[in-house]
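Fold and geometry: a report
If you want the building blocks of each chain, they are given just below.
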Amino acid sequence: MPKLNENYLKLKQNYLFADIRHRIDSYCESHPEEGKRLIRLGIGDVTLPLPEAVIKGLHEGVDAQANAATFRGYGPEQGYDETRHAIAAYYKKHGIDVDFEAVFVSDGAKSDTGNITDIFGNGNVILCPDPVYPVYVDTNTMCGRDVVYMNGTVDNGFLPMPDKSIHADLIYICSPNNPTGACYTREQLKEWVDYALENEAVILFDSAYEAFISDPELPRSIYEIEGARRCAIEFCSLSKTAGFTGTRLGYTIVPTELVFKASDGTEMSLNAMWARRQSTKFNGVSYIVQKGAEVVFSDAGIAACKENLDYYKRNAKVIADTMRECGVTFFGGINSPYIWFECPCGMESWEFFDHMLNTIQVVGTPGAGFGENGKNFFRLTSFGSYEKTVEAMERFRDMLARMK
Ligand code: MLT
């Protein structure tokens, strides 16, 4: 009999969004009529189709695969040079220097933020915000590692800052944050970078929602902060920026400056380790998808994606305006597709999830799924259609009026 990875026993039975899906399916089965009215503002999954220019890029990739002269088999595990250059150039457009060698193309930020655990050993002090995107904690739990939580609360605007009395080796930061929508300022990120450098720690910076930042004063990348190339890995994704949740493409930046000493004094480069890890366990993103992604980073692609982003931002405003009008305390919704708010009447978040589902057939995400500090909070996304978002907010207003 094999010995099993019993760390899995420490996990909740289901991944958060799988759990929600099961609950919705069972509600729709037992309430078929009400199920027809369902509006899904739960998982952050986009609904608009890919922009035409991107589709054209994908078609070019398909045509190339249909022709013996242009056909590609296995590609480079780190991504085709064109895609990697396009990503470095995208950073450059925002005034950020990212070296071509630092860019790794992948199938998404979820995979990379989970897989990065492979290049770190056991015994690190790992800081993780609470509430937080569940992948960071679950993947550490899977390899038997505990995390130290940093409390995100109303008082700190869900943006925990370094506690200088604690030493850390690894620090997870997500900004704009999933689930709270809160976004660190440059000064705040500078404090994190300084703290990481003092501790010789590595920041694992998830910037999957950077494209939602409209305030030019807010940093879209950790590399806008001086010193970050010596202490930070950045994960990003086209899922939300360009509607690639189903198409799949992400990228991770591992600067060549990230070199640390092994226990015997040998110098180890995180860039080289990640390249080794990826070339061993990953065969790269399909050529077709990379052709589509290249277009995303072109001027035409950026403009087309912006139209979709503006559509979702309009939805976010509808939700945020409703919260304001109803006197509900909320976060996010401006530089983020997420609106994070306090459950009414002191309800706990799973109770409120059931209440919304049963009374107005609107699905959201219970804050408890993101950590203990989320247990009285709830998350709605702006990725639905405009009409459905407006309708969901009308129902929400009526529901709150009935609860008073
Ligand atoms: C979410 O809803 O939190 C996201 O869609 C999850 C993800 O990006 O994997």
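Keep in mind the model is a prediction, meaning the values are calculated, not measured. (Residues numbered from 1 in each chain as written. Predicted model: local features only at pLDDT ≥ 70, side-chain atom pairs only at ≥ 80, totals over all residues. Heavy atoms only, no water.)

Remarks on the nonpolar core
Note the following rule: Think of a nonpolar core as a cluster: buried Ala, Val, Leu, Ile, Met, Phe, Trp, Tyr and Cys residues, connected wherever their side-chain atoms sit within 4.5 Å. The cut-offs for exposure are 20% and 50% of the maximum accessible area for each residue type, with area from a 1.4 Å probe on protein chains only; residues under the lower value are buried, those over the upper are exposed, and the others partly exposed. Throughout, a residue-residue contact means that at least one pair of heavy atoms, one from each residue, lies within 4.5 Å.
Formed by 89 residues in total, the largest nonpolar core has its most connected members in Ile-171, Ile-203, Phe-244, Phe-341 and Phe-396. Aside from chain neighbours lying at most four places away, what touches Ile-171 is Leu-127, Met-150, Trp-192, Tyr-195, Ala-196, Ala-201, Val-202, Ile-203 and Leu-204. Judged by nonpolar contacts, the second largest core, of 25 residues, contains Ile-126, Tyr-136, Phe-235 and Val-254.

Some points on the site of the ligand
Put simply, the rule reads: Residues are classed as near a molecule or strand on a simple rule: at least one heavy atom within 4 Å of it. Here a polar contact means two N or O atoms within 3.5 Å. Within protein one must be a hydrogen donor candidate and the other an acceptor candidate, and residues neighboring in sequence count only if both atoms are side-chain atoms. Working definition of accessibility: Shrake-Rupley area with a 1.4 Å probe, residue cover restricted to the visible protein chains.
Taken together, Phe-17, Ile-43, Gly-44, Tyr-133, Asn-178, Tyr-209, Lys-240, Tyr-338 and Arg-379 form the complete shell of residues around the ligand. Gly-44 is positioned with one of its backbone polar atoms (N or O) 2.6 Å from an oxygen atom of the ligand. One of the side-chain nitrogen or oxygen atoms of Lys-240 is found 3.0 Å away from an oxygen atom of the ligand. About the coverage of the ligand: the protein hides 85% of its 260 Å² of free accessible area.

Notes on the pairing of strand S4 (residues 148-151)
Put simply, the rule reads: At least two bridges found by DSSP between two strands is the condition for calling them paired. Secondary structure follows DSSP: runs of H or I at least 4 residues long count as helices, runs of E at least 2 residues long count as strands, and numbering of each begins at the N terminus.
Strand direction decides the pairing type here: strand S3 (residues 126-130) and S4, joined by four bridges, are parallel. Bridging across to S4, Leu-127 finds its partner in Val-148.

Details of the sheet that holds S3
Rule in force here: Note on geometry: axes are lines fitted to C-alpha atoms, helical ones only across the stretch in contact, with angles between N-to-C directions running from 0 to 180 degrees.
The mixed open sheet is built from seven strands, whose spatial order is S2-S8-S7-S6-S5-S3-S4. In this open sheet, the two edge strands, each paired with only one partner strand, are strand S2 (103-106) and S4. The average undirected angle you get between the axes of adjacent strands in this sheet is 25 degrees. Examined bridge by bridge, S3 and strand S5 (residues 170-174) share two bridges and lie parallel to one another. Each residue of the ladder has a partner; that of Leu-127, found in S5, is Ile-171.

Remarks on the pattern of salt bridges
It is possible for side chains bearing opposite charge to pair when their charged atoms get close. For clarity, the cut-off: Whenever a carboxyl oxygen of Asp or Glu lies within 4 Å of a side-chain nitrogen of Lys or Arg, that contact is scored as a salt bridge.
Applying the stated criterion across every chain yields a total of 19 salt bridges. Lys-92 is the salt-bridge partner of Asp-97, the closest N and O atoms lying 2.6 Å from each other. Counted as one network, the salt bridges with shared partners bring together Asp-99, Arg-229 and Glu-257.

Points about the sheet that holds strand S11 (residues 330-332)
Pairing within the open sheet is antiparallel, and its four strands lie in the order S11-S12-S15-S14. If you trace the sheet from one side to the other, it starts and ends with S11 and strand S14 (365-366), each paired once. Sitting on the sheet, helix H11 (residues 299-325) touches S11, strand S12 (338-342) and strand S15 (377-381), and the angle it makes with S12 is about 15 degrees. The strands touched by helix H12 (residues 349-360) within the sheet are S12, S14 and S15, with S15 carrying the most contacts at an inclination of about 45 degrees.

So, the packing of helix H3 (residues 52-65) against helix H10 (residues 287-296)
How we decide: Handedness of a crossing follows from how the near helix is turned relative to the far one, being left-handed for an anticlockwise turn of less than a right angle and right-handed for a clockwise one. Only Asp, Glu, Lys and Arg are considered charged in this grouping, and only Ala, Val, Leu, Ile, Met, Phe, Trp, Tyr, Cys and Pro are considered nonpolar; every other residue, Gly among them, is considered polar.
It is at 7 Å that the axes of H3 and H10 come closest, and there the two elements cross at 145 degrees. Considering how the two elements wind past one another, H3 and H10 form a crossing that is right-handed. Residues Ala-53, Val-54, Gly-57, Leu-58, Glu-60, Gly-61, Val-62, Ala-64 and Gln-65 of H3 form the contact with H10, whose participating residues are Tyr-287, Ile-288, Val-289, Lys-291, Gly-292, Val-295 and Val-296. Tallied by class, the residues present in the contact of H3 with H10 amount to ten nonpolar, four polar and two charged.

What about helix H1 (residues 16-30)?
Defined as follows: To estimate the expected span of a helix, subtract one from its residue number and multiply by 1.5 Å.
Taking 1.5 Å of rise per residue, 15 residues should cover 21 Å, and H1 covers 22 Å from first to last C-alpha, within 8% of that figure. Within the sequence span of H1, burial applies to Leu-16, Phe-17, Ala-18, Ile-20, Ile-24 and Tyr-27.

Considerations on the packing of H1 against H12
Where H1 contacts H12, the two axes come as close as 12 Å, and the packing angle between them is 35 degrees. For the pair H1 and H12, the crossing hand works out as right-handed. The residues of H12 that touch H1, namely those facing Leu-16, Asp-19, Ile-20, Arg-23 and Tyr-27, are Trp-350, Phe-353, Asp-354, Leu-357 and Asn-358. Of the residues belonging to the contact of H1 with H12, the class tally is six nonpolar, one polar and three charged.

Quick look at the pairing of strand S8 (residues 250-253)
Here S8 shows two buried faces, one formed by Gly-250 and Thr-252 and the other by Tyr-251 and Ile-253. Pairing between S2 and S8: four bridges, direction antiparallel. Considered in S8, the bridge of Val-105 is made with Tyr-251. Note: strand S7 (residues 232-237) against S8, four bridges, orientation antiparallel. The residue bridging Glu-234 from the neighbouring strand is Ile-253, located in S8.

Some thoughts on unusual backbone geometry
In this chain, Asp-130 is followed by Pro-131 through a cis amide linkage whose omega measures 5 degrees. Mapped onto the secondary structure, Pro-131 falls in the loop between S3 and helix H6 (134-142). Omega for the peptide link from Asn-178 to Pro-179 comes to 20 degrees, which places this bond in the cis form. With respect to the helices, strands and loops of the structure, Pro-179 is situated in the loop between S5 and helix H7 (186-199). In this structure, Cys-345 is a non-glycine residue whose phi angle is positive, near 55 degrees.

Describing the environment of Met-323
Note on placement: Met-323 falls in helix H11. For Met-323, a relative accessible area of 0% puts it in the buried group. Taking the C-alpha atoms as reference points, Met-323 and Arg-40, 283 residues apart in sequence, are found 18 Å from one another. Once you skip the residues sitting within four places of it in the chain, Met-323 turns out to touch Val-328, Phe-330, Ile-339, Phe-341, Leu-380 and Phe-396.

Considerations on the packing of aromatic side chains
The geometry of an aromatic ring pair comes down to the distance between the two centres and the angle between the two planes. Selection criterion: Side-chain rings of Phe, Tyr and Trp (the six-membered ring for Trp) are treated as a pair once their centres are within 6.5 Å; stacked means planes under 30 degrees apart, edge-to-face means over 60, and tilted covers the remaining angles.
Across all of its chains, the model carries 24 aromatic pairs by this definition. Judged by centre distance (5.6 Å) and plane angle (85 degrees), the rings of Trp-192 and Tyr-195 are edge-to-face. In this pair, Trp-192 and Tyr-195 both sit in helix H7, three residues apart, roughly one turn of the helix. The buried category is assigned to Trp-192, whose relative accessible area is 0%. Looking at Tyr-195, the relative accessible area reads 2%, which means it is buried. Consider the rings of Phe-352 and Phe-378, whose centres lie 5.0 Å apart with planes at 85 degrees: the pair is edge-to-face. With Phe-352 in helix H12 and Phe-378 in strand S15, this residue pair connects regions lying 26 residues apart in the sequence. Residue class for Phe-352 comes out buried when judged on its relative accessible area of 0%.

By themselves, these are just geometric observations and shouldn't be taken as functional.
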